[in-house]
Amino acid sequence: MNFEGVGRRYGLRGPWVLRGVDLALPAGALVRVEGGNGSGKSTLLRLVAGVDTPSEGRVTGRRRTAYVPERFAVALPLTAAGYLVHLGRIHGLPSALAAARAVEWLDRFGAGEHARTTLSELSKGTSQKVAVAQALLAEPELLVLDEAWTGLDVPARAELDRAVAERVAEGGTVVYVDHDPRRLAGAADAVYAVTDGTLVRRTDDEVRAAAAGAGAGAGAGPGDSDRDGDGDGGGDPAALVRIVVSGPSGAAPPDGLPGAPRCEPGPDGSVLLTAPAIHSDALLRALLAARPAWHIREVREAGLAEDDTPARDTASASSGTTTEGFPR
Ligand SMILES: Nc1ncnc2c1ncn2[C@@H]1O[C@H](COP(=O)(O)OP(=O)(O)OP(=O)(O)O)[C@@H](O)[C@H]1O
C-alpha cells in the first residue's frame, strides 16, 4: 500500500494536520509511528486503516485491513462472542470459523469467561481485549493498532506482542502507535515520526539509539515479563515456551538469543526453540529483529522445565543458544 502526497485537514479551512505524506507499507513489515500528543498519529492511522479519507493526495494498493482504534466503544446488544462472530462474518469468515476464532482469541487474551457477557457489561480492560480480538480474528493483511496495548493486563499485552509477531511472520503488515518506546523495540522494520504536520522516517542510527536509550537489552516491555502481574518479575521461572521458527535454509538460529533457547530441528525445515517463558517476549523480539529474518510460525506454552533442560537456569540464561543438529 502506498501514500502519495497525502494531506488531511478537518473542515474546508481547518489547519492542515498532515501534509505531503509519502509512505510505503510493504507486506511482512512492522511499522512504528511516533510523535507528540496531538501531532496527528491517530489521524494518520485512520487514513492507513481506511476509516478516513485524505483531503488531498492518493492512497493505492489497499489490502484487507483490520483496525483497533484508540477508543473502542460499541453500543450493540450483543455478547462479546456474538459481536466477534458478527465482525468475523463481515470480514468474510464462514459462521462456524468465525465462532471458533472468537473463542480462540478470547481465550488467548484471557477473556474466555466473558464470551457470553454483553458488551455494555464488560470492564474497560475486557472491552479492549474484544477490540483487539475483532481485529486479529480475520487474519488481516494490514493490521492497524492505535495504542492497542493500553488497558490490557500484562499477559494480554504479551499475547498481543506475540499476535503481532505472528501476523508479520505470515506476511501481514502491522502499523502501530504506542506511548511506550519499548513496545516491540528493535523489531520494527521502519519507524516514522509525525512532526510539524509531516511524516519523517527515522534513520537506522536514530532507531538504534532510541532502542538503546529505552533500556531494551534483554528486557521485555514495562513489566511485561511479569506475566502473572504480581510484581515478582514473571510467573513460574520453570515455565517454558516453545517457538517454531523458520529461517534461511539450513541455517542455525542467531547466537546470543535471550533466554538461551534449546534449538532442535522441527517439522518441515523449521526450528523448535524451547526457552523459559519469562524470556519469551525478548526472544520473539530478537527473532523479529534478526537479519536475515526468522519467521515465527507458532508460539505455545510448554509446561515446566525438566531437570535436564539447559534453559531452566534463568539466572544465567541471558545469552548463548544451545543447538542440536545444526551445522555451525
Ligand atoms: N475529528 C476531528 N475534528 C477536528 N479536529 C480533529 C479531529 N481529529 C483530530 N483532530 C485534530 O487533529 C490534530 C491531531 O490529532 P490526532 O488525534 O491525530 O493526534 P495524536 O498524535 O493521535 O494525539 P494523541 O497522542 O493525543 O492521541 C489535533 O489538533 C486534533 O485536535
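Residues numbered from 1 in each chain as written. Predicted model: local features only at pLDDT ≥ 70, side-chain atom pairs only at ≥ 80, totals over all residues.

- Labelled according to an unreviewed UniProt entry, the chain appears under the name ABC transporter ATP-binding protein, originating from Streptomyces paludis.

Section: the overall build of the chain
Part 1: A tally of helices and strands in the chain yields seven helices and 14 strands.
Part 2: Counting all 328 residues of the chain, 41% fall into the buried class.
Part 3: Of the contacts made within the chain by residues no fewer than 6 positions apart, 74% connect residues no fewer than 24 positions apart. (Helix = DSSP H or I, 4+ residues; strand = E, 2+ residues; numbered from the N terminus. Buried ≥ 20, exposed ≤ 12 C-beta atoms within 10 Å, placed from the backbone. Contact = placed C-beta atoms within 7 Å.)

Some details on unusual backbone geometry
Part 1: At E147, a residue that is not glycine, the phi angle is positive and equals roughly 55 degrees.
Part 2: Tracing the backbone shows E147 in the loop between β6 (142–146) and α5 (154–169).
Part 3: On the basis of neighbour counts, which here come to 20 C-beta atoms within 10 Å, the residue E147 falls in the buried class.
Part 4: Even without being a glycine, A260 presents a positive backbone phi close to 40 degrees.
Part 5: Mapped onto the elements, A260 comes out in the loop between β10 (239–246) and β11 (262–265).
Part 6: Its 23 C-beta neighbours within 10 Å are what place A260 among the buried residues.

Quick look at the environment of A282
Part 1: On the secondary structure map, A282 appears in helix α7 (residues 280–289).
Part 2: The exposure class of A282 is buried, given the 23 C-beta atoms found within 10 Å.
Part 3: A sequence separation of 24 residues divides A282 from P258, and the C-alpha atoms of the two residues are 6.1 Å apart.

Overview of the nonpolar core
Part 1: Judged by nonpolar contacts, the single largest core of 84 residues is most densely connected at L30, L84, V132, A133, V144 and V174.
Part 2: The element contributing the most residues to this core is α5, with seven residues.
Part 3: Ignoring anything within four residues of it in the chain, the contact list for A133 reads L84, W105, L106 and F109. (Core = buried A, V, L, I, M, F, W, Y, C linked by C-beta atoms within 7 Å.)

Quick word on the sheet that holds strand β9 (residues 198–201)
Part 1: Pairing is mixed across the open sheet formed by six strands, whose spatial order is β5-β6-β7-β3-β8-β9. A single partner strand is all that each edge strand has here, and the edge strands are β5 (65–68) and β9. Strand-to-strand twist of the sheet, defined as the mean angle between neighbouring strand axes without regard to direction, takes the value 20 degrees.
Part 2: As paired elements, strand β3 (residues 30–34) and strand β8 (residues 190–195) share four bridges and run parallel to each other. For V31, the partnering residue across the bridge sits in β8 and is A190.
Part 3: Sitting on the sheet, helix α1 (residues 41–49) touches β3, β5, β6, β7 (173–177), β8 and β9, and the angle it makes with β6 is about 160 degrees.
Part 4: Against the sheet, α5 makes contact with β3, β6 and β7, and its axis sits at roughly 145 degrees relative to β7, the strand it touches most. (Pairing = 2+ DSSP bridges. Axes fitted to C-alpha atoms, helices over the stretch in contact; angles between N-to-C directions.)

A short note on the packing of α5 against α7
Part 1: Running from N to C, α5 and α7 point in directions that differ by 25 degrees, and their axes come no closer than 10 Å. The orientation of α5 relative to α7 falls into the category roughly parallel. For the pair α5 and α7, the crossing hand works out as left-handed. Residue-level contacts link A158, D161, R162, A165 and V168 of α5 to D281, L284 and L288 of α7.
Part 2: Of the residues in the contact of α5 with α7, the class split is five nonpolar, no polar and three charged. (Parallel < 35°, antiparallel > 145°, perpendicular 65-115°, else oblique. Left-handed = near helix turned anticlockwise from the far one by under 90°. Nonpolar A, V, L, I, M, F, W, Y, C, P; charged D, E, K, R; others polar.)

Remarks on the site of the ligand
Part 1: The full set of residues close to the ligand is Y10, V17, G35, N37, G38, S39, G40, K41, S42, T43 and E70.
Part 2: If one sorts the elements of the shell around the ligand by residue count, α1 sits on top with three residues. (Near = placed C-beta within 6 Å.)

Notes on the sheet that holds strand β2 (residues 16–24)
Part 1: The strand order across the open sheet formed by three strands is β2-β1-β4, and the pairing between neighbours is antiparallel. The sheet terminates laterally at β2 and β4 (56–60), the two strands that pair on one side only. Each strand of the sheet is rotated relative to its neighbour by a mean of 25 degrees, with strand direction disregarded.

A look at the packing of helix α2 (residues 80–90) against helix α3 (residues 95–108)
Part 1: At a closest axis distance of 8 Å, the pairing of α2 and α3 adopts a crossing angle of 130 degrees. Here α2 lies oblique to α3, going by the angle between them. The interaxial crossing formed by α2 with α3 has right-handed handedness. Across from A80, A81, L84, V85, G88 and R89 in α2, the residues of α3 making contact are S95, A98, A99, R101, A102, V103 and L106.
Part 2: Broken down by class, the residue content of the contact of α2 with α3 amounts to nine nonpolar, two polar and two charged.

Some words on the confidence of the model for the chain
Part 1: Confidence in the prediction for the chain averages 83 pLDDT; 83% of positions are at 70 or higher.
Part 2: Predicted confidence is poor over residues 307–320, with pLDDT under 50, and the contacts of this stretch with residues over four places away or in other chains come to 29 contacts. (pLDDT = per-residue confidence, 0-100.)

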